[in-house]
Structures are given as C-alpha cells and as structure tokens.
Amino acid sequence: MPEFSKVIAGCMSWGTWGKNLSTSEMQRQLAQCIDIGIHSFDHADIYGDYSTEAAFGKAFQNSGISRSELQLISKCGIQYTGEARSNRVKHYEYTSEYIVWSVEQSLQHLHTEYLDLLLLHRPSPLMRPEEIAEAVEILRKDGKILDFGVSNFNPAQTALLEKYTAVSTNQIEVSLTNYEAIWDGSLTHMQSSAIRPMAWSPLGSYFKETSAQQKRLQKEVLFLAEKYSITESQVLLAWLYKHPAGILPVVGTTTISRLREALEAAEIVLSTEDWFALLVASQGHKVP
C-alpha cells in the first residue's frame, strides 16, 4: 500500500472548475507542494469537464520533477454531462472495458505510466463486482495501477467489492460539520478491513455558511484555537487526524500557506475531552 503524504493535494480546483491555473502556475504549485512535504495529488477524470488531468500533466511534464517524487490518484466511473462527451444524462459506467479505457486516458493525460491509486468515483446500482475485479486485475498486471480503492461507497457496497478484489482506500465526505461517517459504520468498517480513509471537503461547511451548527461550533473552535495556539482550520483538521482510522484529508486550496497549515495540523494532538467537546458542539447535543 503506497505511503501517501499526510495531506493530499486536491487538484479539482487547479483547473477550469476553480482557479484555472496556467501551465506555469501549475508547475509552481506542484513544486511548492512537494517542497513543503505534500507529494500526493488527487484527480478525477471528470474534473474540469475532463480537462484538468491534461492541464496538470502538461505542467508535470514541463516541471522536470521525477515521477518517483510524487503520487498520483485518480478516479473514474462518472459519465459527466459537460461539453467533452455527448452523454444525455449523468450516469455511472463500470464495465471492465470502460474502466481500463478510462485509466489509459488518465495515464495519457497525466503523462505517466501508472497511477499510484485508482478509485471508483461513486457507487453504481448497476455495478458488477466481478467485472470491476477483472479490470483491476488487468490494470495491476499491466503495471498501470499500483493500488485500488473506492470513493463515496458505504460499508455494504465496499464489502461487496471486497469479495472479489482488495480495496485499500475509501475517499468519503467527512468533517466536523458532516460527521455521520463516525456513527454510521463507515469508518468502523474501514478500520476492521484495514481500508485507508481519505476525507474530501475536510473543513466541511464551517467557513462556507452561518448556521446554528456553525455558531455553536465556532465558539468551541475559537476556544480551542487559543488553547492550542493554532488556527481554526487546524482545529478542524486535528479533529479528523485524531480518529483512529487514520484519515488523510484531501485539501483543495491552492494557497501554499494554508496547505502548510494543514500539514502542521497532523502534529496537533487534541485531548479526548476536547475532541468530544467539538463533536457535541457540532451535533448540538451530548453523546448517548
């Protein structure tokens, strides 16, 4: 199982769905991430309407950075209804042929011979686990992927796949404002199956909206930020890092100082009582 950096750089916002960085700006972003200790980069084929992988790949190719210095994660399976493909409706495609083809497209766009990790982007009601396993076996055998996992799968969906192929990772939405995964069995299943959790949107809605939950939480977060001499973001990330499942946050900011803050949060150890104080503030009620 690859050893990813404590913070995964989420690349969705690097392209047209976000900052729309130029090739030279992406080169600089890539180099700065590696300089501060972030060497794992998270993609999906659909990002930027199937354009961001290619933009990143061009920057990587021009950067002179060795492939061994970084890890590339990508996802496949969503058939997006943008301009790049003539899909009538957004849907999921997990035939063996499609998975292999999609990975080969990602490799070409990213200018690499292999992915460190391939994830199925979202579960499909029509997925056949034996067919997915066939594609994974082909890709592993050909050296096109080193590891395989899923994204946004619940425990039952993951367990179904595990009957046919090893699942190393599940990238899910989990944060202090979206904490259901700690109670619904998602993280428990990952712990029991030695599946590594990655968290997309790890700061949740804390900085995005003003709600009763956010107001309760902010009071506790500000108290703990002062207590530990850290930032609000670091409190939110330290809460995730303390979970015994070993959650790795996928952080989408392109601001290097914030990425450095996120890395530093991995070294902050909240007390057990402080961890629960944050959970209680978010829930709005005490634990059972």
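Relevant structure appears above.
A quick note: this is a predicted structure, and the numbers were derived from the prediction, not measured.

Regarding its fold elements, the protein chain presents 11 helices and 10 strands. Over its C-alpha atoms the protein chain spans a radius of gyration of 19 Å, differing by no more than 12% from the 19 Å that the globule rule assigns to 288 residues. Expressed as lengths along the three principal axes of its C-alpha atoms, the size of the protein chain is roughly 50 × 45 × 35 Å. Counting over 288 residues, the protein chain shows a buried share of 53%. Long-range pairs, those at least 24 residues apart, make up 76% of the contacts in the protein chain between residues at least 6 apart in sequence. For the protein chain, the exposed area adds up to about 13,200 Å²; of that, 50% sits on carbon and sulfur atoms. Considering the protein chain, the positive charge centre built from 25 side chains and the negative charge centre built from 33 side chains are found 4 Å apart.

Quick look at the nonpolar core now. In summary, soluble globular proteins display a tendency toward joint burial of nonpolar side chains. Core analysis: the biggest nonpolar cluster contains 76 residues, and Phe41, Phe56, Leu120 and Trp239 have the highest contact counts within it. Per-element tally for this core: the top contributor is helix α9 (residues 232–241), with 7 residues. Excluding its chain neighbours within four sequence positions, the residues that come into contact with leucine 120 are Cys76, Tyr94, Ile99, Ile132, Phe148, Gly149, Val150, Ser151, Phe153 and Leu161. By size, the runner-up hydrophobic cluster in this structure holds 8 residues, among which are Ile8, Leu117, Leu119 and Leu248.

Within the closed barrel, the 8 strands sit side by side as β1-β2-β3-β6-β7-β8-β9-β10. Their pairing is parallel. In this sheet, neighbouring strand axes are inclined to one another by 25° on average, regardless of whether the strands run parallel or antiparallel. Here 3 bridges tie strand β2 (residues 40–42) to strand β3 (residues 71–76), and the two strands are oriented parallel to one another. Residue pairing in the sheet places serine 40 in a bridge with glutamine 71 of β3.

Before going further, it helps to examine the packing of helix α4 (residues 96–110) against helix α5 (residues 129–141). It is at 8 Å that the axes of α4 and α5 come closest, and there the two elements cross at 35°. In this structure, α4 crosses over α5, and the sense of that crossing is right-handed. Side by side, α4 and α5 meet where Ser96, Glu97, Ile99, Val100 and Val103 of the first sit next to Glu131, Ile132, Glu134, Ala135, Ile138 and Leu139 of the second. Residues that form the contact of α4 with α5 fall into these classes: 7 nonpolar, 1 polar and 3 charged.

The next thing to look at is the side chain of aspartate 49. As for its position among the elements, aspartate 49 is in helix α2 (residues 47–50). Although buried, aspartate 49 forms no salt bridge, and the nearest oppositely charged side chain, arginine 85, lies 7.1 Å from it. Only 2.7 Å separates the side chain of aspartate 49 from the backbone nitrogen of glutamate 83, close enough to count as a polar contact. Within the structure, aspartate 49 has its side chain in polar contact with the backbone nitrogen of alanine 84 (distance 3.2 Å). Those residues in contact with aspartate 49 that sit more than four places away from it in its chain are Trp17, Tyr80, Gly82, Glu83 and Ala84.

Turning our attention to the pairing of strand β9 (residues 196–200). β9 sits mainly inside the fold: 4 of its 5 residues count as buried. Summarising the sheet, strand β8 (residues 169–173) and β9 pair through 5 bridges and their orientation is parallel. Each residue of the ladder has a partner; that of asparagine 170, found in β9, is proline 197. With 3 bridges connecting them, β9 and strand β10 (residues 248–251) associate as parallel partners. Looking at β10, one finds that alanine 199 is bridged to proline 249.

What follows deals with unusual backbone geometry. Residues other than glycine predominantly adopt negative phi, and peptide bonds predominantly adopt the trans conformation. The phi torsion at aspartate 49 lies on the positive side, around 55°, for a residue other than glycine. Residue aspartate 49 is classed as buried on the basis of its relative accessible area, which comes to 17%. Of note in this structure, serine 201 is not a glycine but carries a positive phi near 50°. Tracing the sequence through the fold places serine 201 in the loop between β9 and α8 (212–228).

Look at helix α3 (residues 52–63): 16 Å from first C-alpha to last across 12 residues, which is about the 16 Å you get at 1.5 Å a residue. Of all the residues in α3, the buried ones are Thr52, Glu53, Phe56, Gly57, Ala59 and Phe60. Buried residues of α3, viewed axially, fall in a sector of 165°; they line one side. Buried residues belonging to α3 abut α1 (23–36), β2, α2, β3 and α4. Directly after α3, the chain includes glycine 64, whose backbone phi takes a positive value near 80°.

The rules behind each value
Starting afresh in each chain, residues are numbered from 1 along the sequence in its written order. The model is predicted, so local features are restricted to residues of pLDDT at least 70 and side-chain atom pairs to those at 80 or more, both for listing and for counting; the totals for chains, interfaces and linings are taken over all residues. Derived side-chain values reflect all non-hydrogen atoms in the structure, with water molecules and hydrogen atoms excluded from consideration. Numbering of helices and strands runs from the N terminus; a helix is a DSSP stretch of H or I covering at least four residues, while a strand is a stretch of E covering at least two. When we talk radius of gyration, it's over C-alpha atoms, and the globule rule is simply 2.2 Å times the number of residues to the 0.38. Under the scheme applied here, a residue whose accessible area is under 20% of the maximum for its type counts as buried, over 50% as exposed, and between as partly exposed, the area being computed with a 1.4 Å probe on protein chains only. Contacts are residue-level and defined by heavy atoms, with any inter-residue pair within 4.5 Å sufficient. Residue burial considers only the protein chains on display, and all accessible areas are found by Shrake-Rupley using a 1.4 Å probe. Only four residue types enter the tally: Lys and Arg on the positive side, Asp and Glu on the negative side; His and the chain ends are excluded. Every charge is mapped onto a representative atom, which is NZ of Lys, CZ of Arg, CG of Asp or CD of Glu. Only buried Ala, Val, Leu, Ile, Met, Phe, Trp, Tyr and Cys residues count toward a nonpolar core, and they belong to the same one when joined by side-chain atoms within 4.5 Å. At least two bridges found by DSSP between two strands is the condition for calling them paired. For helices, the fitted axis covers only the stretch in contact; all axes are lines through C-alpha atoms, and the angles between them, taken along N-to-C directions, range from 0 to 180 degrees. Put simply, a crossing is left-handed when the front helix is turned counterclockwise from the back one by less than a right angle, and right-handed when it is turned clockwise. Gly is put with the polar residues, along with every residue not named as nonpolar or charged; the nonpolar set is Ala, Val, Leu, Ile, Met, Phe, Trp, Tyr, Cys and Pro, and the charged set is Asp, Glu, Lys and Arg. One side-chain nitrogen of Lys or Arg within 4 Å of one carboxyl oxygen of Asp or Glu is enough to make a salt bridge. As used in this structure description, the phrase polar contact means that two N or O atoms lie within 3.5 Å; if the pair is within protein, one of them must be able to donate a hydrogen and the other to accept it, and residues adjacent in sequence are counted only when both atoms belong to side chains. One fewer than the residue count of a helix, multiplied by 1.5 Å, yields its expected span. Here the arc refers to the directions that run from the helix axis out to each C-beta atom.

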